[in-house]
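# A closer look at the structure
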Amino acid sequence: MSMKNRTVISQFLLLGLPILPEHQHLFYTLFLAMYLTTILGNLIIIILIILDSHLHTPMYLFLSNLSFSDLCFSSVTMPKLLQNMQSQDTSISYDGCLTQMYFLMVFGDMESFLLVVMAYDRYVAICFPLHYNSIMSPKLCVCLVLLSWVFTMLYSLLHTLLLAKLSFCEDNVIHNFFCDISALLKLACSDIYINELMIFILGGLVIVIPFLLIVVSYIQIVFSILKVSPTRVIHKIFSTCGSHLSVVSLFYGTIIGLYLCPSANNSTVKEIVMAMMYTVVTPMLNPFIYSLRNRDMKEALIRVLYKKKISL
Ligand SMILES: *[C@@H]1O[C@H](CO)[C@@H](O)[C@H](O)[C@H]1NC(C)=O
């Protein structure tokens, strides 16, 4: 394989965050704390769900998959950001950049698919409570999760291969803190028509269709509750789907804010703040959303700790 005639440059420079040098230490500490919180919070959720057999239900198995993909998602960008902030060396190799982009897409889209699968799970639980166990069989759950993984991997691979065909010229400065597909396309000096077309078509497939599916399942849920207890709709929805609804709003709120509300002047800063939101803040908040307002999780924590104490 001759890389020479495809790429002139062998590395990119990640410009990072627009932080003043005197604030560098403060932000380093802040990001490190956020990253450690993400790792710890999501790990606790995964371990709790594995250890406690009361939580071996479809909803919690999907949740542990979500936690796993959150954990990986922030591990794709945060260690590199922290390392760059500390070493003042902001370069990333060509291969490293493409690898980062690939995994960012894999785990980002996985989150989107898992949110749909979880919405479907809530829909079945509320609209067909008596058939829940037969519909959401372990086989179907594994199938849904596996399909999501396979699809998101193929999808990201396609985009990465298409990007690897582009040639890059002398400009290699990325105005962000990770290798994002849109940032890389801006730097390419060959024709990016196919890439943009694919993003438009397939991007719709992994963002818009999941979003519509979630909206449709919530509409079904609302109608089915309206039929049974019209006065207690809000209460019922929040008690059974509150956590899921919060995560969905956080995830799609950021995406919609990023792509549908363009601002003319400070677009770079806005893009970086939004990128910060979905790579750092969302994965950090998900475990809290799911554990703080969830009695099952709290009880499971107590059971697991109590069992450990007895066995000691
Ligand atoms: C993901 O979900 C599947 C299917 O429900 C389950 O078997 C598996 O243990 C989960 N994986 C993780 C890492 O939680």
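Scroll up to find the structure this text is about.
Here goes a summary of the coordinates provided. (Residues numbered from 1 in each chain as written. Predicted model: local features only at pLDDT ≥ 70, side-chain atom pairs only at ≥ 80, totals over all residues. Heavy atoms only, no water.)

Moving on, we come to the site of the ligand. Leu61, Ser64, Asn65, Cys141, Val142 and Val145 make up every residue found near the ligand. At a separation of 2.3 Å, an oxygen atom of the ligand approaches a polar side-chain atom of Ser64. Asn65 has a polar side-chain atom sitting 2.2 Å from an oxygen atom of the ligand. When the ligand is considered free in solution it has 360 Å² of accessible area, and contact with the protein chains removes 65% of it. Going through the elements one at a time, helix H2 (58-87) and helix H5 (138-164) are the ones with two or more residues in the shell around the ligand. When the residues that make up the shell around the ligand are grouped by side-chain class, the tally is four nonpolar, two polar and no charged. (Near = heavy atom within 4 Å. Polar contact = N/O pair within 3.5 Å; in protein donor to acceptor, adjacent residues only side chain to side chain. Areas by Shrake-Rupley, 256 points an atom, 1.4 Å probe, with all protein chains shown as cover. Helix = DSSP H or I, 4+ residues; strand = E, 2+ residues; numbered from the N terminus. Nonpolar A, V, L, I, M, F, W, Y, C, P; charged D, E, K, R; others polar.)

This part covers helix H3 (residues 94-127). Look at H3: 50 Å from first C-alpha to last across 34 residues, which is about the 50 Å you get at 1.5 Å a residue. By the criterion of burial, H3 is predominantly enclosed, with 27 of the 34 residues buried. (Expected span 1.5 Å × (residues − 1). Buried < 20%, exposed > 50% of the residue type's maximum accessible area, 1.4 Å probe, protein only.)

Per the counting criterion, the structure on display carries two salt bridges. With its nearest N and O atoms 3.0 Å apart, the salt bridge here joins Asp52 to Arg303. Residue Asp52 is found in the loop between helix H1 (24-51) and H2, and its partner Arg303 is found in helix H10 (residues 295-311); the two are separated by 251 residues along the sequence. Two residues, Arg122 and Asp121, come together in a salt bridge whose shortest N-O distance is 3.1 Å. (Salt bridge = Lys/Arg side-chain N within 4 Å of Asp/Glu carboxyl O.)

Summed over all chains, the structure comprises one disulfide. The partner cysteine of Cys97 in its disulfide is Cys179, sulfur to sulfur 1.9 Å. The sign of the S-S torsion, about -110°, decides the handedness of the disulfide formed by Cys97 and Cys179: left-handed. You can see Cys97 sitting in helix H3 and its partner Cys179 sitting in the loop between strand S3 (173-174) and helix H6 (181-187), a full 82 residues away along the chain. Residues Cys97 and Cys179 agree in their burial class; the two are buried. Considering cysteine sulfurs only, Cys179 is the nearest to Cys72, which forms no disulfide, with 18 Å between them. The thiol sulfur of Cys127 is not disulfide-bonded, and the nearest other cysteine sulfur, from Cys241, lies at 9.2 Å. (Disulfide = S-S within 2.5 Å.)

Throughout the structure, instances matching the rule amount to 14 aromatic pairs. Aromatic side chains Phe12 and Tyr94 sit 6.2 Å apart centroid to centroid with 25° between the ring planes, which places their arrangement in the stacked category. On the criterion of sequence distance, the pair formed by Phe12 in strand S1 (residues 11-14) and Tyr94 in helix H3 is long-range, its members being 82 residues apart. Each member of the pair Phe12 and Tyr94 is classed as buried. Each ring, one from Phe68 and one from Trp149, has its centre 6.2 Å from the other, and the planes form 65°; the classification is edge-to-face. One end of the pair, Phe68, is in helix H2; the other, Trp149, is in helix H5, with 81 residues separating them in the sequence. (Phe/Tyr/Trp six-rings, centres within 6.5 Å; stacked < 30°, edge-to-face > 60°.)

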